[in-house]
Every structure is written in C-alpha cells, then in structure tokens.
Amino acid sequence: MMLHLPVVALLVAQAAAEHPTLTLDQAVEAALAHHPRLRQAGAATAAAEARADLSRAPLLPQLHGNAAYQRSTANFTARPGAVPSSINRTGGASSFDSYDYFNLGLSLSWMVWDFGQSWGSWRSAKAGAAAEEHNAEMTRQAVVLAARAAYFEARASKALVRVARETLANQERHLEQIRSFVEIGTRPPIDLAQARTDRANAEVRLIQTENGYATAKVRLNQAMGREGDTDFQVADESFPEVAGEELTLEQLLGQALAARPDLAALAHQTRAGALAVR
C-alpha cells in the first residue's frame, strides 16, 4: 500500500485527535501529586519533627501519678525485721472480714539544669528536622527534573516517529516512480528491487521509532508515578526563554550554591552532629 505525504499527515492528525494530549505542566503536576518518593520524603520529615518534639519532653514539667488498690483483712501479722522484737506482740482474735485499701500518689517535677544535655539534644533534633525538610525539597526538585527529562525524551521520540513516517511516504512515492520507469523501460529492474528494499528499511525504521516512542511514554509514566496505559500524546508546545540564561557561569554558580537544598541539608546535619557531641 502506498502512502503519500498528505495522507500520512492526515493519519497523524487523526491519531492525535483520538488520544488525549499531555503538556509539560500536566506531567509535572502529576509527578508532584502521585510520585511515591514525595510521600516517603514527607513521612521522613514528619518523623523528624516528631522526634524533635519528643526530645523536648525532658525540658517540660513532669507530672506523675500512681494509684494502688488492695482488698485484705485487718489482721496484723508481724514480719521479721519489720518491727522490733520487743514489741512483736499480737493480741486479739483474728477476723476474716476484708476491707478496701487505696494508695494514691502524685508528684510534680521540673528539670532545672542538667549541664545543657537536654537543651543540646533538643536543638540537635530540631537541626535534624530542618535537614529532613531540605531533603524533602531536594526530592521534590529531583522528581520534577525527572518528569521534565522524561517528557522531553518522549517529545523527541514523537518527532522521530513523524520523521520516519514522512520518510516512509517519500519511499512509497519513490517506489511508484521507479515502478513506472521500469514498466516503460527507462530504468533497469534492479532499480525497482533497490527501491523496494529502501521502502522496507523505511518501514522498519518507522516500527523502531514507534516502539521507542511507546517506551519513552512508559518512562514518562514512571517519572510521574502514575499507573496506567500510555494512551496519550505529548504536546508539541513551544517554551519561553528560561530566566537566567544570560548570566555568567560565576553568577549561576553563586545562585546554585545559595539555593541548592542538599547543601542546606548538609549544613543542618553538621550542626545537628555538633550539638549532639556538645
């Protein structure tokens, strides 16, 4: 079957209309909403904050209460060593009547000073929680980067599919021309065999690029943390200029050192370790 270029363009347009279109912003939003690494980072941050609150407990007033209940008789039984032997006398008849005995106690304490151990532990735990917050931000940025990279990979694969389809259409047209030339005797039959080979190779390349596009969409789904099929098309959208492209390498390096969350997390981890040692 011969496919001319306008026919291929029409088929591509119909395929795009049958499948939903995924933009870059939608891919990033899906990654931020569904990626499991973000939930893991959020849980780690919450656990670090809970540990910081727990380490503050020794600094707060401590109220302890206890209660005991016993049911026994009123008979007195001397125990060796409990009372002096000179007064170890029992008198009166024993009774099997039982009574309720309650013991209640309440104590309040407040640590005033322990040479900075509790304060240092609390500050160390707070620094560790701050480090986990920066680690969570680093994870968020990594997820966004992975989603953007997978999206652009899928977009490049889609462009290769378009090129392969156009190449196949050109080979179909070229094959038709060679067939006509061979029929009227102006070209040898070997040219027709070569044209058929070129068309078959173009069809193989189209299959390979379509498989590559399908694989790229699977990786995009993985980067978004989404389960499901790949029944979508990446959008052919244009992107504006990125802010800061005109800056020098030194300026970009300064901004990176000031804004990278992993460096801030390392600083907080170092402070937490120093406070723990102190």
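Calculation criteria
- Residues numbered from 1 in each chain as written.
- Predicted model: local features only at pLDDT ≥ 70, side-chain atom pairs only at ≥ 80, totals over all residues.
- Heavy atoms only, no water.
- Helix = DSSP H or I, 4+ residues; strand = E, 2+ residues; numbered from the N terminus.
- Buried < 20%, exposed > 50% of the residue type's maximum accessible area, 1.4 Å probe, protein only.
- Contact = heavy atoms within 4.5 Å.
- Areas by Shrake-Rupley, 256 points an atom, 1.4 Å probe, with all protein chains shown as cover.
- Core = buried A, V, L, I, M, F, W, Y, C linked by side-chain atoms within 4.5 Å.
- Salt bridge = Lys/Arg side-chain N within 4 Å of Asp/Glu carboxyl O.
- pLDDT = per-residue confidence, 0-100.
- Patch = residues over 30% accessible without salt bridge, like charges linked within 9 Å, V, L, I, M, F, W, Y side chains within 5 Å.
- Lys, Arg positive; Asp, Glu negative; His and termini not counted.
- Charge placed at Lys NZ, Arg CZ, Asp CG, Glu CD.

**Describing the overall build of the protein**
In terms of regular secondary structure, the protein is built from seven helices and four strands. Ordered by position in the sequence, the α and β elements of the protein form the string α-β-α-α-β-β-α-α-β-α-α. When the 278 residues of the protein are sorted by exposure, 25% land in the buried category. Long-range contacts, defined as pairs at least 24 residues apart, comprise 84% of the intrachain contacts of the protein with a sequence gap of at least 6. Put simply, the protein shows about 19,000 Å² of open surface, and 58% of that area lies on carbon and sulfur atoms.

**Examining the nonpolar core**
If you look at the biggest cluster of nonpolar residues, it comprises 22 residues, and the most contacted ones within it are L22, A27, Y151, L220, M224 and V234. The set of elements that each furnish at least two residues to this core consists of α2 (24–34), α4 (117–184) and α5 (189–224). Not counting chain neighbours up to four residues away, the residues in contact with L22 comprise A27, Y151, L220, M224, F232, Q233, V234 and A235.

**A word on the pattern of salt bridges**
A side chain of one charge can pair with a side chain of the opposite charge if their charged atoms are brought near each other. For the structure on display, the rule yields 11 salt bridges. The salt bridge involving R165 is made with E210; its shortest N-O contact spans 3.5 Å. In this pair, R165 sits in helix α4 while E210 sits in helix α5, placing the two residues 45 residues apart along the sequence. On the basis of relative accessible area, R165 is assigned to the partly exposed category, the value being 25%. Each member of the salt-bridge network shares a partner with another, and the members are K158, R162 and D236.

**A look at the confidence of the model for the protein**
On average, residues of the protein score 85 in pLDDT, and 87% of them are at 70 or above. For the protein, per-element mean pLDDT is lowest for helix α1 (residues 5–18), which scores 49, and highest for α5, which scores 94. Counting contacts from residues 1–12, a segment whose pLDDT is below 50, to residues more than four positions away or on other chains yields 15 contacts.

**A closer look at a positive patch on the surface**
A surface patch of positive charge is lined by R56, R123, K126, R271 and R278. Mapped onto the fold, R123 is located in helix α4.

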